[in-house]
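Tertiary structure, described
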Amino acid sequence: MKTGLLSLFCQSFKKFEDKFLPLRAGRPAKSNDIWFRDITNRDHVREKNGVMRLHHAAFKGKAISQPSHKKWLTELSGRLNSKAGTIDSMKACGDKRANLSRERANKEGQSGKKFTYVGVFFKSIKEIRDSSFMKTDIIYDPTEEPIYDKAHANFVSYDKDPSYFEDLEILKRLCDYFKFVPVHELENSPLGKR
């Protein structure tokens, strides 16, 4: 009986917090927000039947990591639409990220040509929380480095470690899970309609 009441109290408080309390660092994002991740590498999208689609390469490398000091097993950095500012400021941030990647590649003796702001992939936080795909959430986590970002938030998984995301079929499923929007269509996407 006590466990049931405690669970009910926690659920009620979460709903209260989501609706009435201001968003704080380290806390779950508001359920009426949208989480997105900038795509700054041309290799992370592909054209298929005249439509640009997210490619599984967007989730490889260091994209999905395992934090050592948090309650979740994996995280994928992104941003909260409500904190990202105008579409122009979103584009400026995406361009800045692409420039940093290009400079890093050039310093390492690689070609940085593929690094440009291509667009974003996104999903509403309510859809993320309601997903049966895995136990996930979005945690607000503003950053100072490498770019100051008051909109930074992590897509986190509580039940899947990084090895789960090495499976090509899982990566393809992630590509279908998120919606991709090219940079020139941001204004007309849910991200531009606030």
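First, a word on scope: everything that follows refers to the structure included in this document. (Residues numbered from 1 in each chain as written. Predicted model: local features only at pLDDT ≥ 70, side-chain atom pairs only at ≥ 80, totals over all residues. Heavy atoms only, no water.)

Turning our eyes to something else, we now look at helix 2 (residues 87-107). The end-to-end C-alpha distance of helix 2, which contains 21 residues, comes to 30 Å, matching closely the 30 Å that a straight helix rising 1.5 Å per residue would cover. Of all the positions in helix 2, only Ile 87, Met 90, Cys 93, Gly 94, Ala 98, Ser 101 and Ala 105 are classed as buried. Projected down its long axis, helix 2 carries its buried residues within an arc of 135°, all on one side. Among the exposed residues of helix 2, those pointing more than 90 degrees away from its buried face are Asp 88 and Lys 107. Contacts made by the buried residues of helix 2 are with strand 1 (34-39) and strand 5 (74-80). Backbone geometry just downstream of helix 2 places Gly 109 in the positive-phi region, at approximately 80°. (Helix = DSSP H or I, 4+ residues; strand = E, 2+ residues; numbered from the N terminus. Expected span 1.5 Å × (residues − 1). Buried < 20%, exposed > 50% of the residue type's maximum accessible area, 1.4 Å probe, protein only. Arc of directions from axis to C-beta. Contact = heavy atoms within 4.5 Å.)

All chains considered together, the criterion is met by 12 aromatic pairs. Aromatic pair Phe 155 and Tyr 177: ring centres 6.4 Å apart, planes at 65°, arrangement edge-to-face. Here Phe 155 is found in strand 8 (residues 152-157), whereas its partner Tyr 177 is found in helix 4 (residues 168-177), with 22 residues between them in sequence. Between the aromatic rings of Tyr 164 and Phe 165, the centroid separation amounts to 5.2 Å while the plane-to-plane angle is 90°, which identifies the pairing as edge-to-face. Judged by its relative accessible area of 22%, Tyr 164 falls in the partly exposed class. Three or more aromatic residues joined by ring pairs form one cluster here, namely Trp 35, Phe 59, Phe 121, Phe 133, Phe 155, Tyr 177 and Phe 178. Across the ring face of Tyr 158, the terminal group of Lys 135 is positioned such that the distance to the ring centre comes to 5.2 Å. The aromatic ring of Tyr 164 is capped on one face by Lys 160, whose charged end is 4.7 Å from the ring centroid. (Phe/Tyr/Trp six-rings, centres within 6.5 Å; stacked < 30°, edge-to-face > 60°. Lys NZ or Arg CZ within 6 Å of the ring centre and 35° of its normal.)

Before going further, it helps to spend a moment on the pairing of strand 5. Counting buried residues in strand 5 gives 6 out of 7 residues, a clear majority hidden from the surface. One ladder, built from 2 bridges, connects strand 1 with strand 5; its direction is antiparallel. Within the sheet, the bridge partner assigned to Phe 36 lies in strand 5 and is Arg 79. Of the strand pairs in this sheet, strand 4 (residues 64-65) and strand 5 are connected by 2 bridges, and their pairing is antiparallel. By the bridge assignment, Ser 65 is partnered in strand 5 with Glu 75. Of the pairings in the sheet, the one linking strand 5 to strand 8 comprises 6 bridges and is antiparallel in character. Looking at strand 8, one finds that Thr 74 is bridged to Ser 157. (Pairing = 2+ DSSP bridges.)

Here we come to the nonpolar core. Among the nonpolar cores identified, the biggest contains 30 residues, and Trp 35, Phe 59 and Leu 174 are the most heavily contacted of them. Elements with a contribution of two residues or more to this core: strand 1, strand 5, helix 3 (125-130), strand 7 (136-140), strand 8 and helix 4. With 5 residues, the top contributor of residues to this core is helix 4. The contact partners of Phe 59, leaving out residues within four places of it in the chain, are Leu 54, Ile 64, Leu 76, Phe 121, Leu 171, Leu 174, Cys 175 and Phe 178. In terms of nonpolar packing, the next biggest core, distinct from the first, is built from 12 residues, Phe 36, Met 90, Tyr 117 and Phe 122 among them. (Core = buried A, V, L, I, M, F, W, Y, C linked by side-chain atoms within 4.5 Å.)

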